[in-house]
Amino acid sequence: MNLVIVESPAKAKTIQKFLGNDYKVTSSYGHIRDLKKRDFSIDLDNHYQPIYEIPDDKQELVSNLQKEAKKADMVWLASDEDREGEAISWHLCEVLNLEPERTKRIVFHEITKSAILAAIQSPRKIDMDLVNAQQARRVLDRIVGFELSPILWRKVKPALSAGRVQSVAVRLIVEREREIENFKAEASYRVTGTFATLDPQSGQPVLFNAELSQRFKTKEEAMAFLKKAASAQYKVSDIQQKPIKRQPAPPFTTSTLQQEAARKLHYTVSQTMSIAQRLYEAGQITYMRTDSVNLSTLCLNASKEQVLKTMGEKYLETRNYVTHTKGAQEAHEAIRPTYMDQQTIEGSTAEQRLYELIWKRTIASQMADAIIEKTTAEISILGDKNDVAPVKDEMKFIATGEVIKFDGFLKVYIESNDEELEAENEGGGRLPALEAGQNLDLQGVDAIERYTIHPQRYTEASLVKKMEELGIGRPSTYAPTISTIQAREYVAKSDRPAEKREITRLHLDVKTGKVSSKTNEETYCNDKGKLIPTDIGIVVNDFLTEHFPEIMSYNFTATVEGEFDEIAEGKEQWADCIDNFYKLFHPLITTTLDERSDHKAGERILGKDPKSGHTVSVKISRYGPVVQIGAADEVNKPQFAALQKGMSIATITLEEALKLFELPKDLGEFEDKTVSVGIGKFGPYIRHDNKYISIPKDINPHEISLEEAIQLIDEKREEDRRRILRTFTEDPELQMLNGRFGPYLSKGGKNYKLPRSKNLEELSYEECVEIMNAADASTDDSEKKPRRGRYNKKS
């Protein structure tokens, strides 16, 4: 009997279908052993040897695998082909005490019958270089986490943690936010002229737009130009038509798939990897953690057949892409469908959409270039009829147009990008027929005030792109890194409301020669789903950057990744790599721990409280960002107030800080009971008769009046009246309520769904009790059932 061990039950199920009864495929559910969770687990005196343990929840699994391995004639280790997968196989060998002569390692980058059978025909031994590269990463990250985190507990806030790659990713986001804060928008006037020429076929005038080659810094300069433009003459001084070839993007790597799925499908990086994992384990795509853009000969031939069959020979251009990423590793082929003749698959909507994206990108990579004809016309500005000299040699109107002559790969796929360019800067469609020396009629000129745009905040997709450019992390680490920095609340993915500003628009009426001026309001910087550093993230970043500049540098992090690659290729010993790092890192830990400071990291002194004369400061406390009045060593205990949403310890002013202490306060009496306003964990509220009413976002809690508060109380009472459908005299605690998803029963903090078939008005108290008892019994039964094991995802 042959025993095949993979790391995922879904993968096991797919492979079992391809192998006969002589093979039994089972799963290890990820790693069967790891470093201890709450222990350092690194033997510093023994060449940094990791101390592994089998977790309690894996003991039974390991016991079962040992029994199966003893019964097997041959054990085939078929975990993924990357470093993490190699380490899983090595741990299985070690823990199950597998005999070398009865153990074989097989790898494949797609789960198809042909790939599995080919792998069995060419087994190999476990690659200890790949295992050691994985161990080096694990050990180094454990050292950083366990030695840095206690410093953050003492210097910043308890329960914080730090990671090597995660901290550098946070630094990227913090530095981008500071670029934005320091950015000064500069205004200029963009001038666009509308011209007319006669269509040679119809004889009708055709209008087109052209942009002035120069922008004006002031309104006065733009106004002066428009006044001169009214009497000027315009002539086409040069016209160029050139074909442009646009090439398709290479097939997907892990990084580009994450980026494109975020742009086109709005998936998070973690969602993309989770869906891709399911597609891979179902045998629908190749391995999804890869730096490579190469395609197998099999895929090239299958793609060629598909293009010829569906679009014809003129759309075909077979391409062999070469991977240029430094340190490219993991799998050896791009992410692609396993069967190119399957344009769609069965599965969830999310799986179908991601598969379609991968299929289109792969097939487009094997298609012909798109041919685009780009036309550029230069329009000289001459003086009036008696003056043929140009107004300024360097000042011209430029008109551009693009026409797709042959769509090529664009017939299937167009790559997206992260740049949010102004649409007005992009070329238009086809220009009318123009000739050099041709005079043109000016129909109008507009000069619109435009502002420079600050650098864009990172999205998950653009952060992955930046990390890849800098060599930070590898395909298997992008998703967990981005998830971790959000889970630790160093970074939040949130929306920033659009800001508004006034812009000036000047318009030249050619007929009258008059220039009019109009002021409009525009919205800008409407950031959605962007990564924004939290106060805690900023303080931790600043602290680590100050005390551990080497560790936080982008070059150092990329260099370490390069050393891992060297270990994987057998060119460096993993213990030497760790030793070099530790000798640099540990002295910094000791020095930082010994430093004394009168203030906590990130603390700012805002000024004095005019009432008490005590110092007002803002800092990170055990419970998050707070304003503090007074100090612990003064006679009176210090006062604290939490920062509200939208506030930052970096920008809050003394006036804003003192306002936080104005609440809670009493507004007056209503129905002989006090009405007060305050701010709690869930935002601003009105309190009356021991009941709390949320204050809407458009009402400032510091400025709300008693009359407005009473109106909110009345509105909440009316809402509650509509919500309560029925009460029961037999049990005052039992209520029938109208909820978001329909009517339900509520008692003692528990909710019970009502059957749709029941007439709610005729439902008796006894029937309600039966419904609740049945629901409670069903819950008890489900809790007694054993829980299924879950495949431990790679980190």
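Please read these numbers as outputs of a predicted model, since none were measured by experiment.

Next up on the list: empty space enclosed by the protein. Vacant regions in the atomic arrangement are exposed by a probe of water-molecule size rolled over the atoms. Summed over all chains, the structure comprises two cavities of 30 Å³ or more. There is about 80 Å³ of room inside the largest cavity. Counting only elements with at least two residues in the lining of the largest cavity, the list comes to helix 6 (164-182) and helix 14 (535-547). Looking at the lining of the largest cavity element by element, the count peaks at four residues for helix 14. The class makeup of the residues in the lining of the largest cavity is seven nonpolar, six polar and one charged. In terms of lining residues, the second largest cavity is bounded by Val 144, Leu 148, Gly 163, Arg 164, Ser 167, Val 168, Phe 548, Ile 551 and Met 552. Top element by residues in the lining of the second largest cavity is helix 6. It accounts for three residues.

Here the focus is the environment of His 599. Counting through the fold element by element, His 599 comes out in the loop between helix 17 (574-594) and strand 19 (604-608). Between the C-alpha atom of His 599 and that of Lys 619, which follows or precedes it by 20 residues, the distance is 9.1 Å.

Read across the sheet, four strands follow the order 2-1-7-8 without closing on themselves; strand pairing throughout is parallel. Edge positions in the sheet fall to strand 2 (23-27) and strand 8 (103-105), since each of these pairs with one other strand and no more. In this sheet, adjacent strand axes meet at a mean angle of 25° when their direction is disregarded. Of the strand pairs in this sheet, strand 1 (residues 2-6) and strand 2 are connected by five bridges, and their pairing is parallel. Paired with Leu 3 across the strands is Lys 24, a residue of strand 2. Packing of helix 3 (residues 83-96) onto the sheet brings it into contact with strand 1, strand 7 (74-77) and strand 8, and relative to strand 8 it is tilted by some 175°.

Below, the discussion takes up the packing of aromatic side chains. The full count for this structure, using the stated rule, is 17 aromatic pairs. With a centroid separation of 5.1 Å and an interplanar angle of 20°, the aromatic rings of Phe 581 and Phe 585 are classed as stacked. Taken as a pair, Phe 581 and Phe 585 lie in helix 17 at a separation of four residues, close to a single helical turn. By relative accessible area, Phe 581 is classed as buried at 4%. For Phe 585, a relative accessible area of 0% corresponds to the buried category. Between the aromatic rings of Phe 728 and Tyr 765, the centroid separation amounts to 6.2 Å while the plane-to-plane angle is 50°, which identifies the pairing as tilted.

With 15 residues, helix 16 (residues 554-568) extends 21 Å between its outermost C-alpha atoms, agreeing within 8% with the 21 Å of an ideal straight helix rising 1.5 Å per residue. Residues of helix 16 that are buried include every one of Tyr 554, Phe 556, Thr 557, Val 560, Glu 561, Phe 564, Asp 565, Ile 567 and Ala 568, and no others. Along its buried surface, helix 16 packs onto helix 3, helix 5 (128-155), helix 6, helix 12 (460-470), helix 15 (549-552) and helix 17. Taken from the residues just after helix 16, Gly 570 is the one with a positive phi, measuring 75°.

A few words on unusual backbone geometry. The omega torsion across Leu 663 and Pro 664 is 0°, close enough to zero to call that bond cis. Checked against the element boundaries, Pro 664 lands in the loop between helix 18 (654-659) and strand 23 (665-670). In this model, Tyr 48 sits at a positive phi of 60°, which is unusual for a non-glycine residue. Its location among the elements puts Tyr 48 in the loop between strand 4 (42-43) and strand 5 (49-50).

What follows concerns a negative patch on the surface. A cluster of acidic residues, Asp 39, Glu 53, Asp 56 and Asp 57, forms a negative patch on the protein surface. Within the element layout of this structure, Asp 56 appears in the loop between strand 6 (52-53) and helix 2 (59-71).

Detailed reading of the predicted model is not advised wherever pLDDT is low. Looking at the chain, pLDDT values average 90 and 94% of them are 70 or higher. Below a pLDDT of 50 lies the segment residues 420-426, which in the model reaches eight contacts outside its immediate sequence neighbourhood of four places, other chains included. This stretch, residues 785-795, has a pLDDT under 50; its non-local contacts, to residues over four places away or in other chains, come to 25 contacts.

Turning our attention to the sheet that holds strand 22 (residues 639-642). With respect to topology, four strands assemble into an open sheet ordered 19-20-21-22, the strand pairing being antiparallel. Edge positions in the open sheet fall to strand 19 and strand 22, since each of these has one partner strand only. Taking the axes of each pair of neighbouring strands and ignoring which way they run, one obtains an average angle of 25° across the sheet. Where strand 19 and strand 20 (residues 615-621) come together, four bridges link them in antiparallel fashion. Paired with Gly 607 across the bridge in strand 20 is Val 616.

Time to look at the packing of helix 3 against helix 5. Interhelical geometry of helix 3 versus helix 5 gives an angle of 105° and a closest axis separation of 8 Å. The orientation of helix 3 relative to helix 5 falls into the category roughly perpendicular. Seen from helix 3, the contacting residues are Arg 83, Glu 84, Glu 86, Ala 87 and Trp 90; seen from helix 5, they are Met 128, Leu 130, Val 131, Ala 133, Gln 134, Gln 135 and Arg 137. Here the residues of the contact of helix 3 with helix 5 sort into six nonpolar, two polar and four charged.

Across all of its chains, the model carries 46 salt bridges by this definition. For the salt bridge of Arg 457 with Asp 527, the shortest nitrogen-to-oxygen distance reads 2.5 Å. With a gap of 70 residues between them, Arg 457 in the loop between strand 14 (439-451) and helix 12 and Asp 527 in strand 18 (residues 527-533) connect regions that are remote in the sequence. With relative accessibility at 9%, the residue Arg 457 sits in the buried group. Between Glu 718 and Arg 721 there is a salt bridge whose closest N-O contact spans 3.1 Å. Taken together, the residues Glu 718 and Arg 721, both in helix 19 (residues 706-723) and three residues apart, mark about one turn of the helix. When its relative accessible area of 34% is taken as the criterion, Glu 718 is described as partly exposed. On the basis of relative accessibility, which here comes to 53%, the residue Arg 721 falls in the exposed class.

Let us now look at the side chain of Ser 303. If you trace the backbone, Ser 303 turns up in helix 10 (residues 297-310). Overall, Ser 303 belongs to the buried group, its relative accessible area being 0%. Ignoring anything within four residues of it in the chain, the contact list for Ser 303 reads Met 340, Ile 363 and Gln 366.

Criteria and cut-off values
- Residues numbered from 1 in each chain as written.
- Predicted model: local features only at pLDDT ≥ 70, side-chain atom pairs only at ≥ 80, totals over all residues.
- Heavy atoms only, no water.
- 1 Å grid on protein atoms, 1.4 Å probe; cavity = no way out; pocket = protein on both sides within 12 Å on 5 of 7 lines; lining within 4 Å.
- Points joined across faces, edges and corners; volume = space filled by probe spheres on them.
- Helix = DSSP H or I, 4+ residues; strand = E, 2+ residues; numbered from the N terminus.
- Nonpolar A, V, L, I, M, F, W, Y, C, P; charged D, E, K, R; others polar.
- Pairing = 2+ DSSP bridges.
- Axes fitted to C-alpha atoms, helices over the stretch in contact; angles between N-to-C directions.
- Contact = heavy atoms within 4.5 Å.
- Phe/Tyr/Trp six-rings, centres within 6.5 Å; stacked < 30°, edge-to-face > 60°.
- Buried < 20%, exposed > 50% of the residue type's maximum accessible area, 1.4 Å probe, protein only.
- Expected span 1.5 Å × (residues − 1).
- Patch = residues over 30% accessible without salt bridge, like charges linked within 9 Å, V, L, I, M, F, W, Y side chains within 5 Å.
- Areas by Shrake-Rupley, 256 points an atom, 1.4 Å probe, with all protein chains shown as cover.
- Salt bridge = Lys/Arg side-chain N within 4 Å of Asp/Glu carboxyl O.
- Lys, Arg positive; Asp, Glu negative; His and termini not counted.
- Charge placed at Lys NZ, Arg CZ, Asp CG, Glu CD.
- pLDDT = per-residue confidence, 0-100.
- Parallel < 35°, antiparallel > 145°, perpendicular 65-115°, else oblique.

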